[in-house]
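Each chain is listed here by its residues.
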Amino acid sequence: MMKQSLIASLALQLTVAVAELLPVQIRAPTPLHFRDIVANDTYDFGCRAQARPTDDGQFELRALLTRDQIDYLTEEYRSVDVISIRESVVKRATTAPIGSGDRFKSGTVTPVGLGTQTSGSTIASIMNVAEISSAVNALVANAGAISFTLPYKTFNGATQFAFQIGAGSDTSKYHLYLSAGVHARERGGPDNVVYWAADLLAANKSGSGLTYGKKTYTNAQVQTVLNAGIVIFPLVNPDGVTYDQSSSSLWRKNRNTKSGSSGSSIGVDINRNFDFLWNFSKYFSSSASPASSSPSSETFYGTAAASESETKNHVSIYDKFPKIRWFMDVHSAAGDILYSWGDDDNQATTSTMNFLNSAYDGKRGITGDTTYKEYIPSTDATNIKKVADATVAAMKAVGSRSYVSQQSVGLYPTSGASDDYAFSRFWAKSGANKVYAYTMEFGYSTNFYPTLTEFNQNILDTNAGFMDWALAAIGVGLE
Ligand SMILES: *[C@@H]1O[C@H](CO)[C@@H](O)[C@H](O)[C@H]1NC(C)=O
Ligand SMILES: *[C@@H]1O[C@H](CO)[C@@H](O)[C@H](O)[C@H]1NC(C)=O
Ligand SMILES: *[C@@H]1O[C@H](CO)[C@@H](O)[C@H](O)[C@H]1NC(C)=O
Ligand SMILES: [Zn+2]
């Protein structure tokens, strides 16, 4: 009796805390029409706000909104004919299940990726949090990966780990870094990187190549990629993922209660918490909204730059592996590869107009103007785009769908993001290596919980993307 009422009250708390989020498409003739909407930090625009051109010459902004928010916006823009707000009517199949139990049997059963299985094979469920570490432990026990514990425990006390493959124990031989699972709801991110690592190690061991849909790689390419040395931080946000997998509430942030202890006020957006123009109200124009200082926002930036354990652990990997040269943060859901910068448009002509120059404080973050654009040397701009394009080409070549590459600022800026932080280190931190950085957004727009078919397709697409990203990066240079 006691137990039942406890369960009932927990269930009630859950429904009170988590209003249902509905996918919405907002259309307008120009991205400028969305500026007020995007500036409202009570709305959820998925991983990053993006205005995409449509076939009929308009722009579309995707969002996840509550019923109340949809009603409010509909009323607000009733008299503005050019802005339309529509709920997505797509009926979706059941989403992929989360694994129950431990398919890797406490780190004894090695994960087998799709690239080393016969065409048409599938993986039956998304890994639960325990399975992600069990999978990595199995790669360590049976396939030659080396794992290590990261220095900071999460708010809920989880010990964080990452692993290295391909270049043995010498940490100066590692040049590629991938992370996943930053945003809790972006299901399948950790699976994509862990199964790819499993594929590389298995193909190397058996002397074979890899096949992802219509895209194939030779054993020589597998060896080339492994020799570059790969560091993988597969689950950046275990507290958030644990909560999301148990509540299916489309949870994004971590679970830190320092700034708020109930409902949406819990948690920090790890991908706005990095030490790059973090204090956005100082560095950006007041009309830009690259993050939020409101704890209840999906883009809450935290209490200080790198205030969160997950952020600190992420950064510690650059210190442990000082020769990391290329970084990829794996997110969803949009279908694109984003490359630096994310705070404003790029420019290659005025080196003094850069994120470190306080003369531009209060001016950053308005795209399409000339007041401020972020400096990127032209060689870097060429290199970084070349590798993004190669990644996209491989993902398309798998044969199921289209992807695009674009500068990460798109039309709306971000502050404190992992990719900008990675690239900024070279200028901000004496002696730091230059890191070309990317964000991959696999999956379909705002579709964070893939169907089983989509989950498997995402593995094929991302893994081919990782292969060509690595090969193109090696082509440009690892030193
Ligand atoms: C943001 O939207 C909510 C309704 O969803 C509205 O009540 C609020 O006033 C808006 N905030 C701003 C700053 O416009
Ligand atoms: C790849 O295979 C070769 C030959 O079996 C082996 O010597 C090497 O250690 C393997 N590399 C990795 C990263 O497992
Ligand atoms: C951000 O910068 C402003 C202006 O310099 C300053 O007043 C404010 O205290 C800073 N905020 C934080 C959280 O450091
Ligand atoms: Zn994301």
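In this text the structure is predicted, and so the values were computed from the model without any measurement.

**Q** Would you mind going over the site of ligand 3 with me for this structure?
**A** Around ligand 3, the structure places Trp278, Asn279 and Lys282. Within the side chain of asparagine 279, one N or O atom sits 2.3 Å away from an oxygen atom of ligand 3.

**Q** Looking at this model, I keep getting lost on the UniProt feature "domain: Peptidase M14" (unreviewed entry) in the chain. Mind explaining?
**A** As annotated in UniProt, the feature "domain: Peptidase M14" (unreviewed entry) corresponds to residues 125-473 in the numbering used here. The distance separating the terminal C-alpha atoms of residues 125-473 is 31 Å; by composition the span is 35% helix and 14% strand.

**Q** How do you make sense of the nonpolar core when you look at a structure like this?
**A** One recurring pattern in soluble globular proteins: nonpolar side chains tend to sit buried together. Leu200, Ile317 and Tyr438 are the most contacted members of the largest nonpolar core, which totals 111 residues. Considering every element that reaches this core, the biggest residue donor is helix 12 (residues 452-476), with eleven residues. Each residue touching isoleucine 317, except ones within four places of it in the same chain, is listed here: Phe148, Leu150, Ala162, Tyr177, Val231, Phe233 and Ile324. Ala28, Ile37, Ala63 and Ile83 belong to the second-largest nonpolar core, a separate cluster that totals 20 residues.

**Q** Honestly, the site of ligand 2 in this entry has me stumped. Any pointers?
**A** Taken together, Gly166, Leu201 and Asn204 form the complete shell of residues around ligand 2. In the model, an oxygen atom of ligand 2 is placed 2.4 Å from a nitrogen or oxygen of the asparagine 204 side chain. Alone, ligand 2 offers 360 Å² of accessible surface; in the complex the protein occludes 40% of this.

**Q** Hey, could you run me through the environment of isoleucine 366 in this one?
**A** Structurally, isoleucine 366 can be placed in the loop between strand 13 (346-347) and strand 14 (374-375). Put simply, isoleucine 366 and isoleucine 337 are 29 residues apart on the chain and 21 Å apart in space, counted from C-alpha to C-alpha. Those residues in contact with isoleucine 366, other than ones at most four positions away along the chain, are Arg35, Ser285, Ser287, Ala288, Asp344, Asp345 and Tyr372.

**Q** When you look at the packing of aromatic side chains in this model, what are you seeing that I'm missing?
**A** Note on aromatic pairs: each is described by the distance of the centres and the angle between the planes. Taken as a whole and assessed by the stated rule, the structure comprises 26 aromatic pairs. Arranged with centres 5.3 Å apart and planes meeting at 65°, the rings of phenylalanine 280 and tyrosine 301 form a pair that is edge-to-face. Placement of the pair is phenylalanine 280 in helix 8 (residues 280-283) and tyrosine 301 in the loop between helix 8 and helix 9 (309-320), with a sequence separation of 21 residues. Overall, the relative accessible area of 12% leaves tyrosine 301 in the buried class. Each residue in the set Phe276, Trp326, Trp341, Phe355, Phe423, Phe426, Trp427, Tyr436, Tyr438 and Trp469 is aromatic and connected to the rest through ring pairs, giving one cluster. Positioned above the aromatic ring of tyrosine 449, the side-chain terminus of arginine 187 is 3.6 Å from the ring centre. Residue placement shows arginine 325 over the ring face of tyrosine 436; its charged tip is 4.7 Å from the ring centre.

Reading guide: rules and limits
- Residues numbered from 1 in each chain as written.
- Chains lettered and ligands numbered in written order.
- Predicted model: local features only at pLDDT ≥ 70, side-chain atom pairs only at ≥ 80, totals over all residues.
- Heavy atoms only, no water.
- Near = heavy atom within 4 Å.
- Polar contact = N/O pair within 3.5 Å; in protein donor to acceptor, adjacent residues only side chain to side chain.
- UniProt positions renumbered as here; feature names shortened; annotations may be inferred.
- Helix = DSSP H or I, 4+ residues; strand = E, 2+ residues; numbered from the N terminus.
- Core = buried A, V, L, I, M, F, W, Y, C linked by side-chain atoms within 4.5 Å.
- Buried < 20%, exposed > 50% of the residue type's maximum accessible area, 1.4 Å probe, protein only.
- Contact = heavy atoms within 4.5 Å.
- Areas by Shrake-Rupley, 256 points an atom, 1.4 Å probe, with all protein chains shown as cover.
- Phe/Tyr/Trp six-rings, centres within 6.5 Å; stacked < 30°, edge-to-face > 60°.
- Lys NZ or Arg CZ within 6 Å of the ring centre and 35° of its normal.

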